[in-house]
Amino acid sequence: MILSDLRGYLKEQKRVALKDMETRFNIDADALRGMLGKWINKGYVRKLPSGTSCTSGCCKCDPALTELYEWVER
């Protein structure tokens, strides 16, 4: 996977849990954090505070344990 694949997925989904990206791209969480860090440093992605809920509304995940990232339109 390359950074542009991750960018496209984030732009499409808007807000994504790290666990979902792990599953989608079959990549380790630490590797994804490194890639996400590149987009964060450029100001296109932000890590949401712990406890933020996703947009699905299913309430199956504990928000305190879910690491969420959001694409920032500029």
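Everything numeric here is computed off the predicted structure, so don't read it as measured data.

J.: Describe the nonpolar core, with residues and values.
T.: Grouped together as the largest cluster of nonpolar side chains are 16 residues, with contacts concentrated most on Leu6, Leu10, Leu18, Met21, Leu36 and Val45. Elements represented by at least two residues in this core include exactly α1 (3–13), α2 (18–25), α3 (29–41) and β3 (68–71).

J.: Please provide a residue-by-residue account of the sheet that holds strand β2 (residues 45–47), values included.
T.: With antiparallel pairing, the three strands of this open sheet are ordered in space as β1-β3-β2. Of all strands in the sheet, those bounded by a partner on one side alone are β1 (15–17) and β2. Neighbour-to-neighbour, the strand axes of this sheet turn through a mean angle of 25°, independent of strand direction. Its contacts with the sheet place α3 against β2 and β3, and it is angled at close to 120° to β2.

J.: Report on the packing of α2 against α3, specifying residues and quantitative values.
T.: Two elements in contact, α2 and α3, have axes whose closest approach is 10 Å; the angle formed by their N-to-C orientations is 105°. Comparing their axes, α3 and α2 come out roughly perpendicular. Counted together, Leu18, Met21 and Glu22 of α2 and Ala29, Leu32, Arg33 and Leu36 of α3 form the full contact between these two elements. Among the residues making up the contact of α2 with α3, the classes are represented as five nonpolar, no polar and two charged.

Rules used throughout
Residues numbered from 1 in each chain as written. Predicted model: local features only at pLDDT ≥ 70, side-chain atom pairs only at ≥ 80, totals over all residues. Heavy atoms only, no water. Core = buried A, V, L, I, M, F, W, Y, C linked by side-chain atoms within 4.5 Å. Buried < 20%, exposed > 50% of the residue type's maximum accessible area, 1.4 Å probe, protein only. Helix = DSSP H or I, 4+ residues; strand = E, 2+ residues; numbered from the N terminus. Pairing = 2+ DSSP bridges. Axes fitted to C-alpha atoms, helices over the stretch in contact; angles between N-to-C directions. Contact = heavy atoms within 4.5 Å. Parallel < 35°, antiparallel > 145°, perpendicular 65-115°, else oblique. Nonpolar A, V, L, I, M, F, W, Y, C, P; charged D, E, K, R; others polar.

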